[in-house]
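# Descriptive structure summary
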Amino acid sequence: MKETIKNLKKVYSYGKKYKKSLIIQIVCCIIGIIINVTIPLISAKLIVNFTDSMWNQALFMALILLCVSFVNEVKTLVIRKNTQIFRRGTVRNMQMALGREILKLEQSTLDSNSSGVFIQRLTNDTDKMSGMFTTGMGKLTGFLSNIGSFIAILIIDYHMFIYYLLAAIILTILYYIKNEKVGKKDIEFRNQSDKVAGLTGELVRGARDIKMLFAKESFMKELDENIKLQSEKNFEMRNTDMKFNLVIDLLKDFFEFITIVILVYLVTKNAVTVAIAIALYSYKTTVLTDLMGTVSSLLEEIKSFNISSNRVFNIINSRKYKKEKFGIKHINKIIGNFEFKNVSFSYDNINNVLTGLNLKIKENKTYGIVGKSGEGKTTMFNLLCKLYDIQEGTILLDGIDITELDEESIRGNITIISQNPYIFNLSIKENLKLVKNDITDEEIKKACHLACLDDFINNLPNGYDTIVGEGGVTLSGGQRQRLAIARALVQKTKIILFDEATSALDNETQSQIQKAIDNLKDEYTIVIIAHRLSTIVNCDEIMVLQGGKIIDSGTHKDLLKSNKTYKKLCETELVEK
Ligand code: ADP
């Protein structure tokens, strides 16, 4: 109960704006309860006091019942409308809040969870939570309304009231146990559903690679096994539900039999008239079936509400899903230098990727980093952007420890152009607007010109308004990289880090990217993870990463003379295979 109230309060905080709709809904529900409670009461009074001279009164009652039915219909309409306003608004607010929290999660937390975990919470769970205020309220209204029938029974005959109450309590306890058991199975089922949602997401997003890898069958086998497990969990849940329902139904039949026995006994003992006995018997459906129905579905709704709420608030509040932390210092105007001082880092706290790494990058210079695959080059970039926190040492941006800086000072000033940059399924123009809302067409054209992308865009039938597909699938690797360069130029990030593509870009594409990089020289601090000689020969400084640290640095000519590893890398054209 405590848990439900706590969760209701939390959910309500997202729907406060739609308080008016909720109040209208509550008022209508109260009207419904009053109607449903008073009608059986009046009927009970009539049953107990009925005489032949009361026909006029009965007719009057029938008219009142007609009016009440009309009010009931209007009330239902008003509830439906306001339910939707409250529900949609609350879900939207919760989804936005949850979306923001997901974007605040530490990268390692995101790495270790399947995307399905987050997708299910963002969609299904938020919807189920808001349902408590709508369908849940309807069920609560039904439950309270049934209480009217109980009071009516009490007015008619207290023996039957005690009996019906006992029967109701026994059935409710049984329903409660059922819900506990089914609830546990439901959690298992939902966790498995998360996995299936994750895999189906990957099936769509990774369809291209699944095809290329010729891995259709093995992927489908994996998916099939997970769906099978999901069905099993669902079956276990339904099976438990069914078993309990069988026991409950049998018990209900038994109570029906007992009801008849008691009523016959009361009639034979002249404790009640036959008419009253029939009236009392007619309440059995309300007491043994309707009441249990509303109680059980209300309990189910509460259970489901709490499961969903805990799943959602786990991400928003709990320590299990760690959030990124930033400092408060702000860089107003970035100079563009950074430094790694004695930096050690491990993803798993066991194997160090970087060990006591030292490196100094000066503003407006161009650097190349070379090293074998898996040496930790990309990791260095990720650490500078604070996607992961280092275990030892310091990373300084413009001389300030990045742990003291706010998010904007770091990520607003640094861009990583990765090997496969993520391009959103929007138009080219909208992809650029995403990083600068008020960008002008002129700025867009200038950025695309510098990124050597304008010729390509001008040849597209829809030009800058061309939609590029999910992940930029309609663009080539080189075009995606150049669009990412344009994005960095629009964002005006002073430090641009290139994780050069390992895949063999054709010479034409390569030279265009090279030209784009050349356009940025002297105005930006550029660091390039290089896989080919042509990209780095002209760098101001080249660093060789080996064994988790920089083992040598200098110009291309210097290193060719002094460093064996570099020489060897050059001989194999720096390409990592
Ligand atoms: P490089 O860019 O030099 O090829 P990376 O920085 O990508 O190397 O990777 C360095 C090491 O860290 C590799 O052994 C890789 O398996 C590991 N690694 C990279 N990313 C992660 C991650 N997100 N979680 C765990 N280990 C990772």
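Before any of the text, the structure's been laid out above.
Remember, it's a predicted structure, so these values are computed and weren't measured experimentally. (Residues numbered from 1 in each chain as written. Predicted model: local features only at pLDDT ≥ 70, side-chain atom pairs only at ≥ 80, totals over all residues. Heavy atoms only, no water.)

Once that is clear, we can look at unusual backbone geometry. In this model, asparagine 342 sits at a positive phi of 50°, which is unusual for a non-glycine residue. Within the fold, asparagine 342 resides in strand 1 (residues 338-346). The partly exposed category is assigned to asparagine 342, whose relative accessible area is 48%. Although it is not a glycine, lysine 386 sits at a positive phi angle of roughly 60°. Among the secondary structure elements, lysine 386 is positioned in the loop between helix 11 (377-384) and strand 4 (392-397). Look at lysine 386 and you get buried, because its relative accessible area is 7%. (Helix = DSSP H or I, 4+ residues; strand = E, 2+ residues; numbered from the N terminus. Buried < 20%, exposed > 50% of the residue type's maximum accessible area, 1.4 Å probe, protein only.)

Okay, the sheet that holds strand 2 (residues 352-361) next. Pairing between the strands of a sheet is mediated by backbone hydrogen bonds and can be parallel or antiparallel. Taking strand neighbours across the sheet as the criterion, the 4 strands line up as 2-1-4-5 in an open arrangement whose pairing is antiparallel. Edge strands, defined here as strands with exactly one partner in the open sheet, are strand 2 and strand 5 (400-401). Sheet topology note: the strand 4/strand 5 ladder contains 2 bridges and is antiparallel. Along strand 5, the bridge assignment pairs leucine 397 with isoleucine 400. (Pairing = 2+ DSSP bridges.)

Volume-wise, the largest pocket comes out at about 1300 Å³. If you go around the largest pocket, you meet 29 residues; those closest to its centre are Leu103, Leu387, Arg411, Phe424 and Arg487. Ranked by residue count, the leading element in the lining of the largest pocket is strand 6 (residues 414-417), at 4 residues. Class assignment of the residues belonging to the lining of the largest pocket gives a composition of 15 nonpolar, 8 polar and 6 charged. Mapped onto the domain boundaries, the lining of the largest pocket takes at least three residues apiece from domain 1 (2-187 + 240-316) and domain 2 (338-576). (1 Å grid on protein atoms, 1.4 Å probe; cavity = no way out; pocket = protein on both sides within 12 Å on 5 of 7 lines; lining within 4 Å. Points joined across faces, edges and corners; volume = space filled by probe spheres on them. Nonpolar A, V, L, I, M, F, W, Y, C, P; charged D, E, K, R; others polar. Domains from an automatic or database assignment.)

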